[in-house]
Amino acid sequence: MRLAKHRWSTVVAAAVATLLLAGAVPAFVGVAFAAADQTGEELPPGDVPPPTAFSRLDDAGDADDFPDADHIIVFDETVNRVKPTGVTYGESYLLTKILTSDGCRDRSVLRWGYEPWSSEVEVREVNVIRDGERIPVDVANVHDLPAPQSAIYWNSRIKTLQLPRLEVNDGVEVRLFRKGYSYALLEDAGSGAGAAATTSAAVAATTNAAIDEGDEKYIPPMPGEYFDIVLFQGSVPIVERRYELVMPPDKRLHSEVYNGPLFSATSYDADATTYSWWAFDVQAINSEPRQPAASDRVAKVVVATVESWEKKSRWFFDANRNQFDVTPEIQAKVDEVLREAGVANGSEAEKAEVLVHWVAQNIRYSGQTMGEGEGFTLHPGDMIFEQRSGVCKDIAGMLITMMRAADMDSYAAMTMAGSRIEDVPADQFNHCVCALRKDDGCFEMYDPTWVPYQNDIWSQSESEQHYLIGTPEGEPLSSMPYSPPEDSALRIRHDARILEDGTLEGAFRLDGSRALDSRLRGMVSMSRMEDVEDDIAYYLRELGTAVEIEKLSHIVVDDFSEDAWIEIEYRIPGYALVVEDGLEFESPMMVLATENGWLCRSCVYDWGEERESDVFLWFTQLIDAEETIRVPGGYSFDEVETPDEIDETYGYFKGDAQTDGRKLTVSERFEARRRQIPPDGYDGFKAAVDEMMDWAATVYRAEKGGAS
């Protein structure tokens with residue numbers, strides 16, 4: 001792909017940025033330049049005029065330059081002005097170019113999501129640019145609609161605008177104004193509304209700033225503070241991307257660039273400090289199997305005004321200090337749960353484990369609007385106890401309340417499931433959990449949202465994950481420890497025989513711990529009782545579509561006193577091929593272990609020869625498998641080969657096969673040693689997977705006429 005050339009050189013761009021920061025040109029350069037026409041003034045030789053929307057579109061390139069894109073972002077600029085109260089006024093300018101007929105279709109309706117309890121969005125101007133002319137689109141036709149929602153119903157909204165019929169090489173120009181704040185906790189479903197509970201007098205006292213009329217609703221949860229996480233790469237190519245932050249002169253800022261270089265500048269005057277970051281010619285995000293979250297791999301800026309994680313921790317504690325009152329009804333339920341589990345006089349660890357599983361099994365995940373506090377404030381324990389539903393913060397809050405009823409020192413904590421939290425103390429959170437302070441002052445983490453139907457107190461998909469506990473003293477940012485493959489083990493034992501007509505009869509026993517405990521329980525709990533047998537047969541489908549389940553036994557899925565197990569007695573007609581005077585077949589155990597992504601996440605992807613991004617598996621894993629297969633009397637096995645042992649930093653595999661007359665014994669051990677594997681470790685990981693997959697395809701032959 002050829003990246004577009006700029007009529008306005010990078011040198012000139014930097015010079016104009018300097019003038020901008022010095023106040024010599026209008027602050028909102030995108031709108032100013034996009035609307036500007038050429039003055040016609042004669043320029044010195046070699047100089048070019050500042051760009052306009054028309055020149056940017058002309059110079060951006062076309063479908064030949066971007067063969068994998070249906071449209072591109074030509075210019076994207078955001079200017080956020082932060083008031084002393086923390087209320088943010090944001091102006092943005094976006095210029096896109098349509099490259100294909102698919103782009104005409106897909107970009108025919110513009111959409112802007114927002115959360116009415118914390119922000120507002122105003123579509124100020126939209127134009128289609130065609131053949132050097134602007135075609136205005138009437139923004140009075142913007143529709144303000146309920147946003148599609150699932151599982152979390154917080155009344156988010158979406159604005160839409162139908163464009164005129166687009167043509168290839170059209171430009172679409174949009175100016176927006178936003179006011180408010182965003183809050184990262186649960187932001188996938190919508191930001192919080194807790195600022196509405198903050199009185200104007202309290203905000204004024206906290207920030208020592210007057211509140212402008214109409215701003216009360218949009219004061220952030222931490223009055224006077226600001227944060228942002230700005231990604232400079234997306235799903236389509238970007239010719240130029242700019243982000244500018246204008247702060248009151250007395251506010252100090254933490255900022256850092258991650259995952260790649262960006263241009264930056266800072267200036268100040270008596271009224272404000274202005275920070276700018278920008279990038280040119282940014283390619284679209286690459287797509288590879290099992291990638292980390294975009295925020296972990298694309299160039300980004302993280303900014304925050306809060307002075308430290310400890311201050312953030314104290315604020316989070318104060319915001320929720322009154323949410324965990326123990327009512328008589330909650331106390332009675334806790335006493336009942338502990339008594340029925342036989343741990344009323346047990347240790348704190350025993351009681352905590354019983355309570356986390358009660359909450360996980362009895363508070364369903366469903367987020368209804370419950371009034372003020374959606375987002376950063378946990379709802380009161382008595383409300384959740386009555387509703388028996390909520391999102392992660394409510395489920396965690398229920399556990400905290402019940403732990404306190406059992407005289408445990410428990411606290412709310414924020415975390416980021418699925419990606420890392422950077423050092424800058426911005427609100428990089430999407431999940432809420434529970435922290436139990438032990439007698440030695442250390443904390444043990446519990447996550448009731450992620451452990452329904454698994455024998456754990458904290459999902460191993462959250463190992464090495466950052467978290468921040470809210471306490472009155474203030475805590476630093478912490479992270480969960482590494483979980484080795486042995487923690488999340490799948491153990492397969494298989495004993496089978498092959499009949500002379502090729503029918504395979506046998507029994508599997510699967511045992512799983514931690515992450516694989518969850519997987520095995522899920523094979524049962526996700527099915528209706530009458531469908532369990534058919535669904536287990538589905539998991540065996542790679543062995544043959546004619547599989548017949550003759551007997552099925554499994555753990556009681558809500559019995560957390562032991563690790564999960566499943567025993568399957570089965571029959572598969574025609575599994576082995578009758579070839580001349582022999583039986584040919586693959587190892588059923590190896591097929592089961594490698595052809596099912598539910599049991600082996602590493603095994604079912606087409607791993608490329610090279611890798612640009614990390615591999616993100618969520619959890620480490622061990623597969624420890626053994627099988628014995630017997631063939632009829634009068635048959636004996638040909639000589640079998642043993643695969644190479646692969647012992648690399650991030651992956652391990654060792655297999656073995658032995659024969660003894662008409663008995664074949666096969667074993668394997670596979671380890672995915674980290675949940676996130678960097679590109680420089682990819683070759684070793686892939687080598688272990690490849691060796692396992694190649695050996696799983698080995699065809700064994702038992703020849704008739706051998707020793708019985």
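Here the structure is shown first, and the text comes after it.
Residues numbered from 1 in each chain as written. Predicted model: local features only at pLDDT ≥ 70, side-chain atom pairs only at ≥ 80, totals over all residues. Heavy atoms only, no water.

A. Highlighting the pattern of salt bridges. Counted according to the given criterion, the structure contains 51 salt bridges. Note that Asp456 is salt-bridged to Arg514, the shortest N-O span being 3.1 Å. Of this pair, Asp456 sits in the loop between β21 (443-446) and β22 (466-469) while Arg514 sits in the loop between β25 (504-512) and α11 (515-525), and the two are 58 residues apart along the sequence. For Asp456, a relative accessible area of 6% translates into the label buried. A single network of salt bridges, built from pairs that share partners, joins Glu486, Asp647, Arg669, Glu671 and Arg673. (Salt bridge = Lys/Arg side-chain N within 4 Å of Asp/Glu carboxyl O. Helix = DSSP H or I, 4+ residues; strand = E, 2+ residues; numbered from the N terminus. Buried < 20%, exposed > 50% of the residue type's maximum accessible area, 1.4 Å probe, protein only.)

B. Here's a closer look at a negative patch on the surface. The grouping of Asp325, Glu329, Asp382 and Glu386 at the surface amounts to a negative patch. Inspection of the secondary structure puts Glu386 in helix α9 (residues 381-387). Under the relative-accessibility criterion, Glu386 is labelled exposed at 65%. (Patch = residues over 30% accessible without salt bridge, like charges linked within 9 Å, V, L, I, M, F, W, Y side chains within 5 Å. Areas by Shrake-Rupley, 256 points an atom, 1.4 Å probe, with all protein chains shown as cover. Lys, Arg positive; Asp, Glu negative; His and termini not counted. Charge placed at Lys NZ, Arg CZ, Asp CG, Glu CD.)

C. Structural detail: the packing of helix α7 (residues 328-340) against helix α8 (residues 348-362). Two numbers describe how α7 lies on α8: the axes approach to 10 Å, and their chain directions differ by 110 degrees. Regarding the angle of α7 to α8, the classification is roughly perpendicular. Read as a crossing pair, α7 and α8 show a hand that is right-handed. Between α7 and α8, the contacting residues are Lys333, Val334, Val337 and Leu338 on the first element and Lys351, Val354, Leu355 and Trp358 on the second. (Axes fitted to C-alpha atoms, helices over the stretch in contact; angles between N-to-C directions. Parallel < 35°, antiparallel > 145°, perpendicular 65-115°, else oblique. Left-handed = near helix turned anticlockwise from the far one by under 90°. Contact = heavy atoms within 4.5 Å.)

D. The state of the cysteines, seen in detail. Per the counting criterion, the structure on display carries one disulfide. Between Cys600 and Cys603 runs a disulfide, and the two sulfur atoms are separated by 2.1 Å. Its torsion about the S-S bond being 60 degrees, the disulfide of Cys600 and Cys603 is classed as right-handed. Summarising the burial analysis for this pair, Cys600 and Cys603 share the class buried. Lacking any disulfide linkage, Cys432 is separated from the closest cysteine sulfur, that of Cys392, by 5.8 Å. (Disulfide = S-S within 2.5 Å.)

E. The arrangement of the side chain of Glu627 in detail. Here Glu627 is to be found in strand β31 (residues 621-630). Among buried Asp, Glu, Lys and Arg side chains, Glu627 stands out as unpaired, with Arg493 the closest opposite charge at 10 Å. At 2.7 Å, the side chain of Glu627 forms a polar contact with the side chain of His494. Of the polar contacts made by the side chain of Glu627, one reaches the backbone nitrogen of Met589; its length is 3.1 Å. Beyond its immediate sequence surroundings of up to four residues, Glu627 is in contact with His494, Ser587, Pro588, Met589, Leu664, Thr665 and Val666. (Polar contact = N/O pair within 3.5 Å; in protein donor to acceptor, adjacent residues only side chain to side chain.)

F. Highlighting α8. With 15 residues, α8 should reach 21 Å at 1.5 Å per residue; the first-to-last C-alpha distance of 21 Å fits that figure. When we look at burial in α8, the residues that qualify are Lys351, Ala352, Leu355, Val356, His357, Trp358, Val359 and Ala360. Check the buried side of α8 and you find it contacts α7, α9, α10 (392-405), β20 (431-437) and β21. (Expected span 1.5 Å × (residues − 1).)

G. Examining the pairing of strand β1 (residues 71-82) more closely. Of all twelve residues that make up β1, eleven are buried, and the element is covered over most of its length. Relative to strand β2 (residues 88-98), β1 is paired through eleven bridges, and the arrangement is antiparallel. Note on β2: the bridge partner recorded for Glu77 is Tyr93. With seven bridges connecting them, β1 and strand β11 (residues 238-247) associate as parallel partners. What sits directly across from Ile73, in β11, is Ile238. (Pairing = 2+ DSSP bridges.)

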